[in-house]
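Chain by chain, the residues run as shown.
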Amino acid sequence: MVHRNDIIVRINERLRGQISDAALAAWAFDLFYAIEQGDEEVAEADSDVVSDALDELMFADEEPFALGDADLHRLLARLG
């Protein structure tokens, strides 16, 4: 079961420099497709915010969609 806190943890890992933008994007991409394929489920209360966050994160390592620290903090605020 995927919860918004799972995404918060990963974003915080990125902000602390524990994972790269590419690692965060790859994780989000894999999780998004696992949900789409039915291999993972999202908590009903978190479905909209999780979907929106994964949409933003899964391409965050590509220049036109890059997310800086300020963007990640805004995303954390929406998830919180």
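Residues numbered from 1 in each chain as written. Predicted model: local features only at pLDDT ≥ 70, side-chain atom pairs only at ≥ 80, totals over all residues. Heavy atoms only, no water.

*Asks:* An account of the overall build of the protein is needed here, citing residue identities and associated values.
*Replies:* Scanning the protein from terminus to terminus reveals four helices and zero strands. Its helices and strands taken in sequence order, the protein reads α-α-α-α from the N to the C terminus. A compact globule built from 80 residues should have a C-alpha radius of gyration of about 12 Å, and the protein, at 12 Å, falls within 12% of that. The buried share of the protein, reckoned over its 80 residues, is 34%. Sequence separation of 24 or more characterises 67% of the internal contacts of the protein that already satisfy a separation of 6 or more. Surface exposure of the protein reaches about 4800 Å², of which carbon and sulfur atoms provide 47%. With 6 positive and 19 negative side-chain charges, the protein shows a spacing of 9 Å between the two charge centroids. (Helix = DSSP H or I, 4+ residues; strand = E, 2+ residues; numbered from the N terminus. Rg over C-alpha atoms; globule rule 2.2 N^0.38 Å. Buried < 20%, exposed > 50% of the residue type's maximum accessible area, 1.4 Å probe, protein only. Contact = heavy atoms within 4.5 Å. Areas by Shrake-Rupley, 256 points an atom, 1.4 Å probe, with all protein chains shown as cover. Lys, Arg positive; Asp, Glu negative; His and termini not counted. Charge placed at Lys NZ, Arg CZ, Asp CG, Glu CD.)

*Asks:* Residue-level account of the environment of L76, with values.
*Replies:* Note on placement: L76 falls in helix α4 (residues 69–79). If we ignore the near neighbours within four places in the chain, the residues touching L76 are I8, I11, N12 and L15.

*Asks:* Report on the packing of aromatic side chains, specifying residues and quantitative values.
*Replies:* For the structure shown, the criterion picks out four aromatic pairs. Ring plane angle 85° and centroid distance 5.0 Å describe the contact between F32 and Y33, whose orientation is recorded as edge-to-face. The class of F32 is buried, set by a relative accessible area of 16%. Measuring from centroid to centroid gives 6.3 Å for F59 and F65, while their planes differ by 50°, and the two rings are tilted. According to the relative accessible area criterion, F59 is partly exposed, its value standing at 31%. Chaining the aromatic ring pairs together yields one cluster made of F29, F32, Y33, F59 and F65. (Phe/Tyr/Trp six-rings, centres within 6.5 Å; stacked < 30°, edge-to-face > 60°.)

Fair warning: the whole summary comes from geometry, so function is off the table for now.
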